[in-house]
Amino acid sequence: MEQVKQKNRTIEIIYTLFLGIMISVFVGLGIAAFYSEPPYPEMPSDLKVYSMPMEKSEENSREAERILNSQKEYDKTIADYQKILNDYNRNVSIIALIASVLALSISLVLSHKLLVLADGVLLGGVITLLYSVARVFGSGDDKVRFLVVAVGLCVALILGYIKFIRPASVKST
C-alpha cells in the first residue's frame, strides 16, 4: 500500500513539473506568435566585404568616404533598432508578468479543490514570472526593471503567505 502511495506521489510530482513547464512555454510561445520580435537590420552589402584600399588615390578616397557614410547610417539604424528592441523587451516582460499573476491567481482558486493542478499552475506562474524578470533586463529601463522585480517580490511574498503560512495558522487554531 505504501509503495502505491509513493508511486502516485512520484507521478503527481512529475505531472506538476510537466504542467508548470508547459504553462510557461505556452506563455512564451504565445507572446512570440502574436507579438513578434522586431527583425534585426540587415547590413548593407558594401559593408559586408569592404576592405580599405592600400594605395591613396582620389577614387579610393571617394570610395572610402562612401563606405564611411554607409557605416554611419548603419550604426544609426542599429541604434534605432536597439531602442525598438528595448521597448519590445519591456512590453514582453509586462505581458509575461500579467500572465504569471493570472496563472498564480488561478492556482490559488484551484488550490482548495484540485491540488495537483493548482501546484502545476503555480509552478508555471513562477517560471513565467522568472521569464518576465529575465526579459525586463533587456529593456534598458531601470524604473521598469525595478517595478517588475517589485511586483515579482510582492507576488512571491503573498503566495508564500497564502500557500504556506496561512494554512498552518488555520490548522493550529
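Look up: the structure comes first, before these words.
Trainee: Please give an account of the overall build of the chain that cites residues and values.
Mentor: Counting secondary structure elements, the chain contains 5 helices and 0 strands. Written out in order from the N terminus, the α and β elements of the chain read α-α-α-α-α. Taking 16 Å as the expected radius of gyration for a compact globule of 173 residues, we find that the chain reaches 26 Å, considerably beyond that expectation. In terms of its C-alpha atoms, the chain occupies a principal-axis envelope of roughly 90 × 35 × 25 Å. Summarising the internal contacts of the chain: among those between residues at least 6 apart in sequence, 74% fall at separations of at least 24. Accessible surface, the chain: about 12200 Å² in total, of which carbon and sulfur atoms supply 67%. Of the charged side chains in the chain, 18 are positive and 17 negative; the average position of the first set lies 16 Å away from that of the second.

Trainee: So, helix α1 (residues 2-34): which residues are in play, and what are the values?
Mentor: The first and last C-alpha atoms of α1 sit 48 Å apart over 33 residues, in line with the 48 Å expected at 1.5 Å per residue. Residues Thr16, Leu19, Gly20, Ile23, Ser24, Val27, Gly28 and Ile31 constitute the buried set of α1.

Trainee: Any chance you could break down the environment of Val25 for me, citing the residues and the numbers?
Mentor: Note that Val25 resides in helix α1. Under the relative-accessibility criterion, Val25 is labelled partly exposed at 36%. Linking Val25 and Ser61, residues 36 residues apart in sequence, is a C-alpha distance of 53 Å.

Trainee: Explain a nonpolar patch on the surface to me, and be specific about the residues and the numbers.
Mentor: A cluster of nonpolar side chains, namely Ile13, Leu17, Ile21, Val25 and Leu29, defines an oily patch on the protein surface of about 440 Å² accessible area. Residue position: Leu17 is located in helix α1.

Trainee: Just give me the short version of the pattern of salt bridges, but keep the residues and values in it.
Mentor: Once their charged atoms are close, side chains differing in charge can pair, the charge on each being opposite to the other. Throughout the structure, instances matching the rule amount to 4 salt bridges. For Lys76, the salt bridge goes to Asp80, with nearest N and O atoms at 3.0 Å. Linking Lys76 with Asp80, this pair stays in helix α3 (residues 58-110), spanning 4 residues, or about one helical turn. What makes Lys76 exposed here is its relative accessible area of 53%.

Trainee: I'd like a description of the nonpolar core, backed by residues and values.
Mentor: Judged by nonpolar contacts, Leu97, Leu104, Leu122, Leu129, Val133, Val136, Val144, Val148, Val155 and Leu159 together constitute the single largest core of 10 residues. Residue contacts for Leu122: discarding those within four places in its chain leaves Leu104, Ser107, Leu159 and Lys163.

Trainee: Lay out the packing of aromatic side chains in plain terms, naming residues and giving numbers.
Mentor: For any pair of aromatic rings, geometry is given as the distance between the ring centres together with the angle between the planes. Under the definition given, this model contains 2 aromatic pairs. On the basis of an interplanar angle of 35 degrees and a centroid distance of 4.9 Å, the ring pair of Tyr35 and Tyr88 is categorised as tilted. Remark: Tyr88 occurs in helix α3 and Tyr35 occurs in the loop between α1 and α2 (45-48); sequence separation between them is 53 residues. Overall, Tyr35 belongs to the partly exposed group, its relative accessible area being 29%. You can call Tyr88 buried: its relative accessible area is 7%. The interplanar angle of 80 degrees and the centroid separation of 5.1 Å between the aromatic rings of Tyr40 and Tyr81 together place this pair among those described as edge-to-face. With a gap of 41 residues between them, Tyr40 in the loop between α1 and α2 and Tyr81 in helix α3 connect regions that are remote in the sequence. Judged by relative accessible area, which is 54%, Tyr40 ranks as exposed.

Thresholds applied
- Residues numbered from 1 in each chain as written.
- Predicted model: local features only at pLDDT ≥ 70, side-chain atom pairs only at ≥ 80, totals over all residues.
- Heavy atoms only, no water.
- Helix = DSSP H or I, 4+ residues; strand = E, 2+ residues; numbered from the N terminus.
- Rg over C-alpha atoms; globule rule 2.2 N^0.38 Å.
- Contact = heavy atoms within 4.5 Å.
- Areas by Shrake-Rupley, 256 points an atom, 1.4 Å probe, with all protein chains shown as cover.
- Lys, Arg positive; Asp, Glu negative; His and termini not counted.
- Charge placed at Lys NZ, Arg CZ, Asp CG, Glu CD.
- Expected span 1.5 Å × (residues − 1).
- Buried < 20%, exposed > 50% of the residue type's maximum accessible area, 1.4 Å probe, protein only.
- Patch = residues over 30% accessible without salt bridge, like charges linked within 9 Å, V, L, I, M, F, W, Y side chains within 5 Å.
- Salt bridge = Lys/Arg side-chain N within 4 Å of Asp/Glu carboxyl O.
- Core = buried A, V, L, I, M, F, W, Y, C linked by side-chain atoms within 4.5 Å.
- Phe/Tyr/Trp six-rings, centres within 6.5 Å; stacked < 30°, edge-to-face > 60°.

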